[in-house]
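Geometric and topological summary
What follows is the residue order along each chain.
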Amino acid sequence: MNTLKIGENSFELAEDIIKDLKAPKDLGILKCIQCGMCTSVCPAARHTDYDPRELVKRVLDKDETLITDDIIWNCFYCYTCQSVCPVSNSPSVVNQVLRQRAIDNGKGKPKVAPFSAYGESFIEFGLGAIPSNFFNDLIKDFGKEWLELRINLEDIREDLNLGSMFLPEKDVKDINKILEKTGFKNRLNELRRCRDEKNTR
């Protein structure tokens, strides 16, 4: 339990979240009445100890330990909580802001590092694609038919007059310039470093 000092703003964390770029201007976190509707419909709450009502309460209590709490990584971002909230709050959005802070301070990087393969795939193809290091898992999950489909996908698309699923090389180069200028590649390099460190332990 946090202890507030006299004159301290207990809503400072909530107000910072409202000001965050990810948060909509009408985010109703300060109107939260702790009714628990968000928790009653949350699939993560059903299967884990994640509780969106409790998450919002901790933010309103200015509990900054949330940023290092593994609980924030159990949200699925399905926005079901947002769809039922009577005061237009979104614990899902609140959670996204908290996760970004965890990533920014370095604590959350190991959590997202395994997804760096998606970024590498984006650089290679210029669009989202299933990274090749997941292929073996997909074969296990869906059988060899998935591999055959994957291998023959270009031929199938050609038969259906759908054209190539790959972007022209010039477009991939242009996208890579954007990824460079926006800092995406630098962030991806940090995630790769975290992933590689984790793999060498």
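Since the structure is predicted, the reported quantities are computational estimates derived from the model, not experimental observations.

**Topic: the packing of aromatic side chains**
Within the structure shown, the criterion is met by five aromatic pairs. An angle of 40° between the planes, with centres 5.4 Å apart, marks the rings of tyrosine 118 and phenylalanine 134 as tilted. Taken together, the positions of tyrosine 118 in helix α8 (residues 116–125) and phenylalanine 134 in the loop between α8 and α9 (135–142) put the pair 16 residues apart, joining distant regions of the chain. With centroids separated by 5.2 Å and ring planes inclined at 65°, the aromatic side chains of phenylalanine 135 and tryptophan 146 adopt a geometry described as edge-to-face. In this pair, phenylalanine 135 is assigned in helix α9 and tryptophan 146 in helix α10 (residues 144–159), connecting sequence segments eleven residues apart. Overall, the relative accessible area of 18% leaves phenylalanine 135 in the buried class. Accessibility expressed as a relative area gives 15% for tryptophan 146, which makes it buried. Ring pairing ties together the aromatic residues Phe115, Tyr118 and Phe134, which thus form one cluster.

**Examining the nonpolar core**
Ile17, Ile29, Val59, Ile72, Val94 and Leu98 are the most contacted members of the largest nonpolar core, which has 28 residues in total. Contributing elements (two or more residues each) for this core: α1 (12–19), α3 (43–47), α4 (52–60) and α6 (91–104). Of all the elements, α6 adds the most residues to this core, at six residues.

**Focus: the domain arrangement of the protein chain**
On domain assignment, one finds that the protein chain holds domain 1 (9–104) and domain 2 (108–198). Averaged C-alpha coordinates put domain 1 and domain 2 at centres separated by 30 Å. Listed by partner, the interface residues are six residues for domain 1 and five residues for domain 2. Summed over both partners, the interface of domain 1 with domain 2 buries about 480 Å², with 59% contributed by carbon and sulfur atoms. In this structure, the connection of domain 1 to domain 2 is made through two salt bridges. Residues aspartate 70 and lysine 111 are paired through a salt bridge, measuring 3.3 Å at the closest nitrogen-oxygen approach. Taken together, domain 1 and domain 2 are joined by two residue pairs in polar contact (both at pLDDT 80 or more). A class-by-class count of the residues in the side of domain 1 that touches domain 2 yields three nonpolar, one polar and two charged.

**Looking at the packing of α8 against helix α12 (residues 184–200)**
It is at 9 Å that the axes of α8 and α12 come closest, and there the two elements cross at 140°. What the angle tells us is that α8 and α12 run oblique. The handedness of the crossing between α8 and α12 is left-handed. Along its contact with α8, which presents Ser116, Ala117, Gly119, Glu120, Phe122 and Ile123, the element α12 presents Phe184, Lys185, Leu188, Leu191, Arg192 and Arg195. Residue composition of the contact of α8 with α12, grouped by class: six nonpolar, two polar and four charged.

**Structural notes on the environment of methionine 165**
Looking at where methionine 165 falls in the secondary structure, it is placed in the loop between α10 and α11 (169–181). By relative accessible area, which is 24% here, methionine 165 ends up partly exposed. Between the C-alpha atoms of methionine 165 and leucine 127, which are 38 residues apart in sequence, the distance is 9.8 Å. Once residues within four sequence positions are removed from consideration, methionine 165 is found in contact with Leu127, Arg150, Leu153, Glu154 and Arg157.

**Section: the side chain of asparagine 176**
By secondary structure assignment, the location of asparagine 176 is in helix α11. Asparagine 176 sits in the buried class, given a relative accessible area of 13%. Among the polar contacts made by the side chain of asparagine 176, one reaches the main-chain carbonyl oxygen of isoleucine 123 at a distance of 2.9 Å. At a separation of 3.0 Å, a polar atom in the side chain of asparagine 176 contacts the side chain of lysine 185.

Cut-offs used in this document
- Residues numbered from 1 in each chain as written.
- Predicted model: local features only at pLDDT ≥ 70, side-chain atom pairs only at ≥ 80, totals over all residues.
- Heavy atoms only, no water.
- Phe/Tyr/Trp six-rings, centres within 6.5 Å; stacked < 30°, edge-to-face > 60°.
- Helix = DSSP H or I, 4+ residues; strand = E, 2+ residues; numbered from the N terminus.
- Buried < 20%, exposed > 50% of the residue type's maximum accessible area, 1.4 Å probe, protein only.
- Core = buried A, V, L, I, M, F, W, Y, C linked by side-chain atoms within 4.5 Å.
- Domains from an automatic or database assignment.
- Contact = heavy atoms within 4.5 Å.
- Buried area = accessible area lost by both parts, 1.4 Å probe.
- Salt bridge = Lys/Arg side-chain N within 4 Å of Asp/Glu carboxyl O.
- Polar contact = N/O pair within 3.5 Å; in protein donor to acceptor, adjacent residues only side chain to side chain.
- Nonpolar A, V, L, I, M, F, W, Y, C, P; charged D, E, K, R; others polar.
- Axes fitted to C-alpha atoms, helices over the stretch in contact; angles between N-to-C directions.
- Parallel < 35°, antiparallel > 145°, perpendicular 65-115°, else oblique.
- Left-handed = near helix turned anticlockwise from the far one by under 90°.

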